[in-house]
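Secondary and tertiary structure notes
The residues making up each chain are set out below.
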Amino acid sequence: MSSSTVAGADTPTPSKTQSKRRRSHADLTSRFEAYNRLQGAAVAFGETLPIPEIVAVGGQSDGKSSLLEALLGFRFNVREVEMGTRRPLILQMVHDASALEPRCRFQEEDSEEYGSPVVLSSAIADIIKSRTEALLKKTKTAVSPKPIVMRAEYAHCPNLTIIDTPGFVLKAKKGEPDNTPDEILSMVKSLASPPHRILLFLQQSSVEWCSSLWLDSIREIDPTFRRTVIVVSKFDNRLKEFSDRWEVDRYLSASGYLGDNTHPFFVALPKDRGNVSNDEFRRQISQVDSEVLHHLQEGVKGGFDEEKFKSYIGFGRLRDYLESELQKKYKEAAPATLALLEQRCSELTSELARMDSKIQATSDVSHLRKSAMLHAASISNHVGALIDGAADPSPELWGKTTVEERSRSGIGVWPGVTADVNPPNATLRLYGGAAFERVMHEFRCAAYSIECPSVSREKVANILLAHAGRGGGRGITEAAAEIARAAAKSWLAPLLDTACDRLSFVLGSLFDLALERNCSHDSECGIKGDDMDGYVGFHAALRCAYNRFIGDLAKKCKQLVRHHLDSVTSPYSQVCYFNDFQPCSGPNALSYSKVLELSDTSSASRDVRRDQENIPPEKNAQETTPGKTGETRDVLRESHITIPETPSPDQPGDAAFGVVKKEPGICNDMGPRKRASRMGGNSKNSDNVRLQNGVILFGNGERSGSPYSDICVSAAQHFARIRGVLVERGVTSTLNSGFLTPW
């Protein structure tokens, strides 16, 4: 074999070289097209894929918009709508030799589909503006991180994808929130932070490196500038300042500020914003590049270091570098991207298989019924455990303080209570049975905070004079009892309803805790508890049934406690005529003077009752109404002394209450009058003394022992008895059994 033959075999022919280049270009194009499709799908479905992308950042008026138009190869007046200043714009530039005119399409909002091609360049700016304004109006914000995706196919643009970001600003525009600059900076950092993205940072040539406003922000994102391409824009404005070679070389090197391995690009673009054709626009770009290079070579004494800096001067150099760098990143990221896509496909396949199995399982009605019953029973058991005192899940995360409980339930105050009601352990985060008991004690504190309201003289006079006109021995005591009964109905009824509502909220909030507890229990035991997962309708129906069950309990409890209230305030009730009632009596009654206070206090030796603003009476208290004086207790003792039911008119009586011994055998057994005499057993001889000659002392000047003051004192005592019997003997056991027994 001749040497020429060997040489011909080793040397590729022109046709082979061209064929190899075409295959290489086809590979690059197909790879770029695949990444563009991935990028559009990721934006539409909110996915996060490590796709190599270029993120353009910089301050407003630093030339980002002009650079993007130059890369596209045509103008569309993008600066007039301040593109990128309010929403990111993803520009997918596709080199298509057959597209002699640019074809631009916008991806539909929240979809991977692209709309119809936009023919007119001026319409592009209008679409960007309208979409930005519509989204900002909907979100009621000044900026939004949701991007606009535009695909541009053109014979004179490179295969390049750039994300244009809002420009940095120092101060918000008029009519915008003051925090707009901070929001823009935060959004840009979020877009530029992923390590698979290339930063394209623009800064005007008139700004010195030491005075750069945004260079430190870029360093926070990419401290070593390893993935940052720095572009000095409007470079032609700086050329006239150079006269010697050393000045040019020192400026181009940017030594001392960017590091030895960072070389910025220096770009100038046409300033003419007139209405020129796309071909003329591209010709002007090439002309500016030539003029800048010619000025550095001929206009500067000694020229410049072309070997070191020539490859970084001009828009054409920047465009070629960005395209080659992005293609290199695409090639490097291809294996990892493919592996990630295969993983996602495998996950979706498994999920589809699981959902298909569930769909097929829906035909087995008996299995579904069994699974639903087991799930409902499990939730019910967990609710019961929480009521019985379980401390899982964590009370610190799921429990509520008294203040939080009031806020979440929407019941912030107890009706008619002006003082702060602070039950023990109010600051602890409780739920379940513990929170139930805390609300019960809070109700007692609220009830004992209400005293019998004051009564006008006119009201007392109407009641007492009516009794006097009918005769009999009811007198002052019965009038006071009637006032106390009316006050109890009016003031205690709202408290009972509020207590039922608060308790129903405590029990209603246990559903979510039971779900969490059920999931944790299944996970710990290794039980596959996903048989009912995905059945949204079933879970909604179960929650609705639970809430309806709690609502029915609350309704029944309200009826029961109202019945108790009606009983103790009935004219046939003997509550007002016995003062031997001791609150908190009974073998199972809780002594609320000894309630455990588990919250942190400043002193361990401090009396628990000092931390309570409202405390029910102790079991061994000798007075029914808290806070009454010793004189009141004496009056209560005197009410036990038997007096004649029909005293003699001339019998002397005390100014306050007459005290005489009852003669044996004297009684009033006159049919209907008998009940009135028995109910008026606490009336005093002074009643008839004050009623002599049909005159009742109701002067404006109140004096000690007047009927008005006697009735007010007696009504307060009767109110306290009614309140104590209602709270301690009726309501407590009714609420506990009414709410908790059904579980």
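Cut-off values and rules
- Residues numbered from 1 in each chain as written.
- Predicted model: local features only at pLDDT ≥ 70, side-chain atom pairs only at ≥ 80, totals over all residues.
- Heavy atoms only, no water.
- Helix = DSSP H or I, 4+ residues; strand = E, 2+ residues; numbered from the N terminus.
- Buried < 20%, exposed > 50% of the residue type's maximum accessible area, 1.4 Å probe, protein only.
- Contact = heavy atoms within 4.5 Å.
- Areas by Shrake-Rupley, 256 points an atom, 1.4 Å probe, with all protein chains shown as cover.
- Axes fitted to C-alpha atoms, helices over the stretch in contact; angles between N-to-C directions.
- Parallel < 35°, antiparallel > 145°, perpendicular 65-115°, else oblique.
- Nonpolar A, V, L, I, M, F, W, Y, C, P; charged D, E, K, R; others polar.
- Pairing = 2+ DSSP bridges.
- Core = buried A, V, L, I, M, F, W, Y, C linked by side-chain atoms within 4.5 Å.
- Phe/Tyr/Trp six-rings, centres within 6.5 Å; stacked < 30°, edge-to-face > 60°.
- Left-handed = near helix turned anticlockwise from the far one by under 90°.
- Polar contact = N/O pair within 3.5 Å; in protein donor to acceptor, adjacent residues only side chain to side chain.
- Salt bridge = Lys/Arg side-chain N within 4 Å of Asp/Glu carboxyl O.
- Expected span 1.5 Å × (residues − 1).
- Arc of directions from axis to C-beta.

As recorded in an unreviewed UniProt entry, the protein goes by Dynamin-related protein 5A isoform B and comes from Glycine soja.

When helices and strands are counted, the protein shows 22 helices and eight strands. With 743 residues in all, the protein has 44% of them scored as buried. Residue pairs in contact within the protein that sit at least 24 positions apart in sequence constitute 80% of those at least 6 positions apart. In the form shown here, the protein has an accessible surface area of approximately 38,800 Å², with 53% of it arising from carbon and sulfur atoms.

In this section: the packing of helix α13 (residues 402-409) against helix α14 (residues 432-448). Between α13 and α14, the shortest axis-to-axis distance is 12 Å and the interhelical angle comes to 90 degrees. Taken together, the axes of α13 and α14 lie roughly perpendicular to each other. Contact residues: α13 offers T402, E405 and R406, while α14 offers A435, R438, V439 and E442. Of the residues contributing to the contact of α13 with α14, the split by class is two nonpolar, one polar and four charged.

Before going further, it helps to spend a moment on the sheet that holds strand β8 (residues 265-266). Strand order in this open sheet of eight strands is β3-β4-β2-β5-β1-β6-β7-β8, and the pairing throughout is mixed. Edge positions in the open sheet fall to β3 (103-106) and β8, since each of these has one partner strand only. Taken together, the five bridges between strand β2 (residues 89-95) and strand β5 (residues 160-164) define a ladder with antiparallel strand orientation. Within β5, the position partnered with L91 by the bridge is I162.

Bringing the nonpolar core into the picture now. Ranked by size, the top nonpolar core spans 66 residues in total, and within it L495, L735 and F739 carry the most contacts. Of all the secondary structure elements, the ones that give two or more residues to this core are α11 (365-388), α14, α15 (457-470), α16 (475-508), α17 (510-525), α18 (536-568) and α22 (707-740). Here the element with the most residues in this core is α16; it accounts for 16 residues. Residues in contact with L495, not counting those within four places in the same chain, are W414, P415, V417, F443, A446, A447 and I450. Within the second largest apolar cluster, 40 residues are counted, among which are V55, V143, L191 and A254.

Take the packing of aromatic side chains next. Per the counting criterion, the structure on display carries 11 aromatic pairs. Plain terms: the ring middles of F74 and Y154 are 5.7 Å apart, the flat faces sit at 85 degrees to each other, and that makes the pair edge-to-face. Here F74 is found in the loop between α3 (64-72) and β2, whereas its partner Y154 is found in strand β4 (residues 148-154), with 80 residues between them in sequence. Y154 shares its class with F74; the two are buried. On the basis of an interplanar angle of 50 degrees and a centroid distance of 5.5 Å, the ring pair of F242 and Y251 is categorised as tilted.

We now examine unusual backbone geometry. Cis geometry is adopted by the peptide bond preceding P393, which originates at D392 and carries an omega value of 10 degrees. The backbone of K140 sits at a positive phi, close to 55 degrees, despite the residue not being glycine. Secondary-structure assignment places K140 in the loop between α4 (121-139) and β4. Even without being glycine, N425 reaches a positive phi, approximately 65 degrees. Among the structural elements, N425 can be located in the loop between α13 and α14.

Right, let's talk about the packing of α14 against α22 for a bit. α22 packs onto α14 with a crossing angle of 160 degrees between their chain directions and a minimal axis gap of 11 Å. Of the possible angle classes, the one that applies to α14 and α22 is roughly antiparallel. Relative to α22, α14 is oriented so that their crossing is right-handed. Here F436, E437, M440, F443, R444, A447 and Y448 of α14 come into contact with α22, specifically with R723, G724, V727, E728, V731, T732, L735, N736, F739 and L740. The class makeup of the residues in the contact of α14 with α22 is 10 nonpolar, three polar and four charged.

For the rest of this paragraph, the subject is the side chain of R131. Its location among the elements puts R131 in helix α4. Note on R131: relative accessible area 17%, which makes it buried. Reaching out from R131, the side chain makes a polar contact with the backbone oxygen of Q107 at a distance of 2.7 Å.

This part takes up the pattern of salt bridges. Within this structure, the stated rule accounts for 29 salt bridges. The salt bridge partner of R429 is E404, with a shortest N-O separation of 2.7 Å. Residue R429 is found in the loop between α13 and α14, and its partner E404 is found in helix α13; the two are separated by 25 residues along the sequence. Given the relative accessible area of 36%, R429 is considered partly exposed.

In a regular helix each residue adds 1.5 Å, so 21 residues correspond to 30 Å; helix α8 (residues 278-298) covers 30 Å between its end C-alpha atoms and thus fits that length. For α8, every residue scored as buried is listed here: N278, F281, R282, Q284, I285, V288, D289, V292 and L296. An end-on view of α8 places all buried positions within 155 degrees of arc, on one side of the element. The exposed residues of α8 that point more than 90 degrees off its buried face are D279 and E298.

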